[in-house]
Amino acid sequence: MKRFLKKANRGIILGILLLVGTAVYIIIDLQQFKSERPEIESVLSDFVENIDEFSSVPAEYRFNDRTYEGQVKDDFVKKYNQFIDKYWTASDDNVNIYSWSMKKPDMKSSVNDFISGLQDRTPVSCDFSLKNINSVNKDGPNRAVVEATVKADVQGTPDCVFLSPHGPTQYIWDDSEMTSSFDINASDNVYATEVEIDIVFQLKRTSEGWKITSSEDNGWFDNGRYKVTTEVQ
């Protein structure tokens, strides 16, 4: 009986030590995550505010059915891929086939949609900014999930594609409202709009710091579209 109690007491003590050790680990891990929040926010801010460089199309590729080709295309794609590599890493999670989130391979391949779209549509200018970080939460070991609001000021022809923080996106459509409002062929004109997008980012702690593993548009609205010009530049 004494031997049984001794073993039982030893088990209780070991259990308590395990619980204490686990609690201490969780507290330390949470404190470390809290201290890394500025880095997480900085990564997202830099990514969002610099991706618009790739949607600002040089004048020679506007309104003339031209697109990037040859060495110019290779250099553009290489620079874009290097940009994505800087801020993104591969996700090792199981891919949900019902999810609309963009992974790193999706972000890289989107440049091809953008380039092919230049043949008949023109994104003139694009300015993304991180308006607000709504929440930053731990999402498991070395994981974070961030809900953010991104602001976009864009100009372009209807149906043009922009390389955005949540993948290739059309913010300006050639719809009946635009055509009837101006009584013109909308595809020949440049329009502008200001958009706010709610985006959910997932990030992972890597040996190179925090990097994005996915982004997903969680809803957006524009403040109305207006015509900038009817002149072909």
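This text gives an overview of the structure that appears in the document. Everything numeric in this text was worked out from a predicted model, so none of it was measured. (Residues numbered from 1 in each chain as written. Predicted model: local features only at pLDDT ≥ 70, side-chain atom pairs only at ≥ 80, totals over all residues. Heavy atoms only, no water.)

Across its 14 residues, helix H3 (residues 104-117) extends 21 Å between first and last C-alpha, which sits within 8% of the 20 Å expected from 1.5 Å per residue. Here H3 has its buried residues at Lys 104, Met 107, Ser 110, Val 111, Phe 114, Ile 115 and Gly 117. Take H3 and look down its axis: the buried residues cluster within an arc of 160°, on one side only. (Helix = DSSP H or I, 4+ residues; strand = E, 2+ residues; numbered from the N terminus. Expected span 1.5 Å × (residues − 1). Buried < 20%, exposed > 50% of the residue type's maximum accessible area, 1.4 Å probe, protein only. Arc of directions from axis to C-beta.)

The next subject is the side chain of Thr 169. Along the chain, the position of Thr 169 falls in strand E4 (residues 167-169). For Thr 169, the side chain forms a polar contact with the side chain of Ser 164, separated by 3.1 Å. Polar contacts involving the side chain of Thr 169 include one to the main-chain carbonyl oxygen of Gly 167, which spans 2.9 Å. Filtering out sequence-adjacent residues up to four positions away, Thr 169 remains in contact with Cys 160, Val 161, Phe 162 and Ser 164. (Polar contact = N/O pair within 3.5 Å; in protein donor to acceptor, adjacent residues only side chain to side chain. Contact = heavy atoms within 4.5 Å.)

The relative placement of two aromatic rings is captured by the distance of their centres and the angle of their planes. Inspection of the entire model under this criterion finds 11 aromatic pairs. Plain terms: the ring middles of Phe 54 and Phe 76 are 5.9 Å apart, the flat faces sit at 70° to each other, and that makes the pair edge-to-face. Placement of Phe 54 in the loop between helix H1 (2-50) and helix H2 (70-87) and of Phe 76 in helix H2 is noted, with a sequence separation of 22 residues between them. The exposure classification of Phe 54 matches that of Phe 76, with both residues buried. Ring geometry for Tyr 68 and Phe 76: centres 4.5 Å apart, planes at 15°, overall stacked. Across the pair, exposure class does not vary: Tyr 68 and Phe 76 are buried alike. Here the aromatic cluster, defined as three or more aromatic residues joined through ring pairs, consists of Phe 47, Phe 54, Tyr 68, Phe 76, Tyr 80, Phe 83, Tyr 87, Trp 88 and Phe 114. (Phe/Tyr/Trp six-rings, centres within 6.5 Å; stacked < 30°, edge-to-face > 60°.)

Attention now goes to the pairing of strand E5 (residues 190-206). Counted residue by residue, E5 has 12 buried out of 17 residues, so it is predominantly covered. Pairing analysis gives 14 bridges linking strand E2 (residues 143-156) to E5, with the strands arranged antiparallel. For Ala 144, the partnering residue across the bridge sits in E5 and is Leu 203. Both E5 and strand E6 (residues 209-229) contribute to a ladder of 15 bridges, which runs antiparallel. Along E6, the bridge assignment pairs Gln 202 with Ser 214. Where E5 folds back on E6, the antiparallel hairpin that results is connected by 2 residues. (Pairing = 2+ DSSP bridges.)

Before going further, it helps to examine the packing of H2 against H3. Where H2 meets H3, the closest approach of the two axes is 10 Å, and the angle between their N-to-C directions is 155°. When the interaxial angle is binned, H2 and H3 end up roughly antiparallel. Taken as a pair, H2 and H3 cross one another with a handedness that is right-handed. Listed contacts from H3 to Lys 73, Phe 76, Val 77, Tyr 80, Asn 81, Ile 84 and Asp 85 of H2 are Lys 104, Met 107, Lys 108, Ser 110, Val 111, Phe 114 and Ile 115. The residue inventory of the contact of H2 with H3, partitioned by class, reads 8 nonpolar, 2 polar and 4 charged. (Axes fitted to C-alpha atoms, helices over the stretch in contact; angles between N-to-C directions. Parallel < 35°, antiparallel > 145°, perpendicular 65-115°, else oblique. Left-handed = near helix turned anticlockwise from the far one by under 90°. Nonpolar A, V, L, I, M, F, W, Y, C, P; charged D, E, K, R; others polar.)

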